[in-house]
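Structural overview
Listed here are the chains, written in short residue letters.
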Amino acid sequence: MANKIFGPHKQRTRAHVIADLSVHHVEGFILEEGHTVQRFGSDYGYDLMLWTFDEHGYVEPDDAYLQLKAAETLHAIGSDYVFDLDVRDYNLWMRDKAPVFLILFDASRKRAYWLAVQQYFWEDAARQPKKGAKTVRIRISNRQVVNRRAIAKMRDIKWKARGWHVGDKP
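Owing to the predicted nature of the structure, the values given are computational and were not obtained by experimental measurement.

A short note on the packing of aromatic side chains
Counted according to the given criterion, the structure contains six aromatic pairs. Ring plane angle 35° and centroid distance 4.4 Å describe the contact between Y46 and Y65, whose orientation is recorded as tilted. With a gap of 19 residues between them, Y46 in the loop between β1 (36-39) and β2 (48-51) and Y65 in strand β3 (residues 64-71) connect regions that are remote in the sequence. Here Y65 falls in the buried class, since its relative accessible area comes to 16%. Look at Y90 and F121: their rings are 4.8 Å apart centre to centre, the planes differ by 80°, and that puts the pair in the edge-to-face class. With Y90 in helix α2 (residues 87-95) and F121 in helix α3 (residues 117-123), this residue pair connects regions lying 31 residues apart in the sequence. Comparing Y90 with F121 shows no difference in burial state: the two are buried. Ring-pair connections join several aromatic residues into one group, and the members of that group are F40, Y46 and Y65. The residue whose ring lies beneath R127 is Y120, and the NZ or CZ to ring-centre distance is 4.1 Å.

Below is the structure:
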């Protein structure tokens, strides 16, 4: 019996594939570093919630949020990757007390680059969006590679957001 075609239906696109690859790539480093992530089913500005654990395997207080943006290739200017961030995400992330990390994933190179969002904008007021802007351009150095050291740095930033240092007793 021949297969009957029922008309248009859902299709998995390359964009879907590279979005999943970006999560897989980042999760691997998080797991290798001894931490976990929670994936969000709906995307309202965050893709992953990072939970960290101490050297004895005990969960640490608070969390951090990660937003991943995947592309076949990233747009570079000099030694930086640039991304035009929706100002609505900026407004959400800058009000959040938990650290927010933006991760750009380059599918063709299978590499990702990260940015501590709040810190980035606090360090230089000129980076903040202009009144009425719909986007704000961010720049991530090509040296900000997501790897195990980057995950350890994110953990440190999470602790410092509370005014503590890794190893302090809450």
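Remarks on the sheet that holds strand β4 (residues 76-77)
Strands sit in the order β4-β5-β8 across an open sheet of three strands; the sheet is antiparallel. Each end of this open sheet is capped by a strand with a single partner; those strands are β4 and β8 (135-141). Here strand β5 (residues 80-86) pairs with β8 via seven bridges, running antiparallel. Residue pairing in the sheet places Y81 in a bridge with I140 of β8.

Here we look at unusual backbone geometry
Its identity as a non-glycine residue notwithstanding, D62 has a phi of 70°, on the positive side. Tracing the backbone shows D62 in the loop between β2 and β3. In this structure D62 comes out as partly exposed when scored by relative accessible area, which is 34%.

Parameters at a glance
- Residues numbered from 1 in each chain as written.
- Predicted model: local features only at pLDDT ≥ 70, side-chain atom pairs only at ≥ 80, totals over all residues.
- Heavy atoms only, no water.
- Phe/Tyr/Trp six-rings, centres within 6.5 Å; stacked < 30°, edge-to-face > 60°.
- Helix = DSSP H or I, 4+ residues; strand = E, 2+ residues; numbered from the N terminus.
- Buried < 20%, exposed > 50% of the residue type's maximum accessible area, 1.4 Å probe, protein only.
- Lys NZ or Arg CZ within 6 Å of the ring centre and 35° of its normal.
- Pairing = 2+ DSSP bridges.

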